[in-house]
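# Chains, contacts and geometry: an overview
Listed below, chain by chain, are the residues.
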Amino acid sequence: ARAADSGAKAELSPYYHGILSFALEQSGDYAAAEAEARRGMLSIGDGAPDAWLQHGLAHALYFQARHAEAIDALTAWSGAWQRTQLHPFLFTHLWWHLALLHVE
């Protein structure tokens with residue numbers, strides 16, 4: 001909590017919000033994870049989409065059993081996932097999340 005509190009004094013990067021969202025999800029606080037991912041998305045507005053925010057939100061929605069919403073979101077964002085612009089792990093991992101949701 002201290003890292004989140006100290007960051008409130010400065011403008012935080014979308015990456016920060018995405019990683020914090022993932023950490024909150026991993027600790028079982030799915031509503032807070034979703035809120036953090038959405039907060040990060042609002043911070044960039046119409047700017048370039050952030051794959052780490054999308055990843056955090058995908059996890060939060062998945063564990064809240066909101067699979068259709070997660071599928072819709074990931075599908076909408078997938079057109080911006082460029083292999084040359086994302087870390088290879090994240091690029092394939094986002095597609096893995098989308099595939100997993102379809103299996104569920």
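All values derive from a computational prediction rather than experimental measurement.

## A look at the pattern of salt bridges
Evaluated as defined, the whole model comprises five salt bridges. Measuring nitrogen to oxygen at the nearest pair gives 2.6 Å for the salt bridge that ties R66 to E34. On the criterion of sequence distance, the pair formed by R66 in the loop between α4 (51-63) and α5 (67-77) and E34 in helix α3 (residues 30-44) is long-range, its members being 32 residues apart. The exposure class assigned to R66 is partly exposed, which follows from its relative accessible area of 25%. One salt bridge in this structure joins R66 and E69, with 2.9 Å as the shortest N-O distance.

## Some remarks on unusual backbone geometry
Positioned with a positive phi, A65 is a non-glycine residue whose angle comes to about 60°. The residue A65 is located in the loop between α4 and α5 in this model.

## Looking at the packing of α4 against α5
Pairs of packed helices are described in terms of their axes, by the angle between the two and the distance that separates them. At their nearest, the axes of α4 and α5 sit 8 Å apart, and the two run at 160° to each other. Relative to α5, the element α4 lies roughly antiparallel. Of the two elements, α4 crosses α5, and the hand of that crossing is left-handed. Contact with α4, carried on its side by Q54, L57, A58, L61 and Y62, involves H67, E69, A70, L74 and W77 of α5 and no other residues of that element. The residue makeup of the contact of α4 with α5, split by class, is seven nonpolar, two polar and one charged.

Parameters at a glance
- Along each chain, residue indices are assigned from 1 in the same order as the chain's sequence is written.
- The predicted nature of this model means local features are confined to residues of pLDDT at least 70 and side-chain atom pairs, given and counted, to a pLDDT of 80 or more, with totals for whole chains, interfaces and linings taken over all residues.
- Side-chain descriptors were evaluated using all non-hydrogen atoms of the structure, hydrogens and water having been removed beforehand.
- Here, a salt bridge means any side-chain nitrogen of Lys or Arg that lies within 4 Å of a carboxyl oxygen of Asp or Glu.
- Starting at the N terminus, helices and strands are each numbered in turn, a helix being any DSSP run of H or I of at least four residues and a strand any DSSP run of E of at least two.
- Only protein chains enter the accessibility calculation, which uses a 1.4 Å probe; a residue is then buried when its area is under 20% of its type maximum, exposed when over 50%, and partly exposed in between.
- To define axes, lines are fitted to C-alpha atoms, for helices over the stretch in contact only, and angles between the resulting N-to-C directions are given on a 0 to 180 degree scale.
- Geometric relationships in this document are graded by angle, where less than 35 degrees denotes roughly parallel, more than 145 denotes roughly antiparallel, 65 to 115 denotes roughly perpendicular, and other angles denote oblique.
- Each helix crossing is assigned a hand: it is left-handed if the near helix lies turned anticlockwise from the far helix by less than a right angle, otherwise right-handed if that turn is clockwise.
- Two residues qualify as a contact provided that any one of their heavy atoms is within 4.5 Å of a heavy atom in the partner residue.
- Classification used: nonpolar for Ala, Val, Leu, Ile, Met, Phe, Trp, Tyr, Cys and Pro, charged for Asp, Glu, Lys and Arg, polar for all others including Gly.

Functional significance is not addressed by these values, which are geometric in nature.
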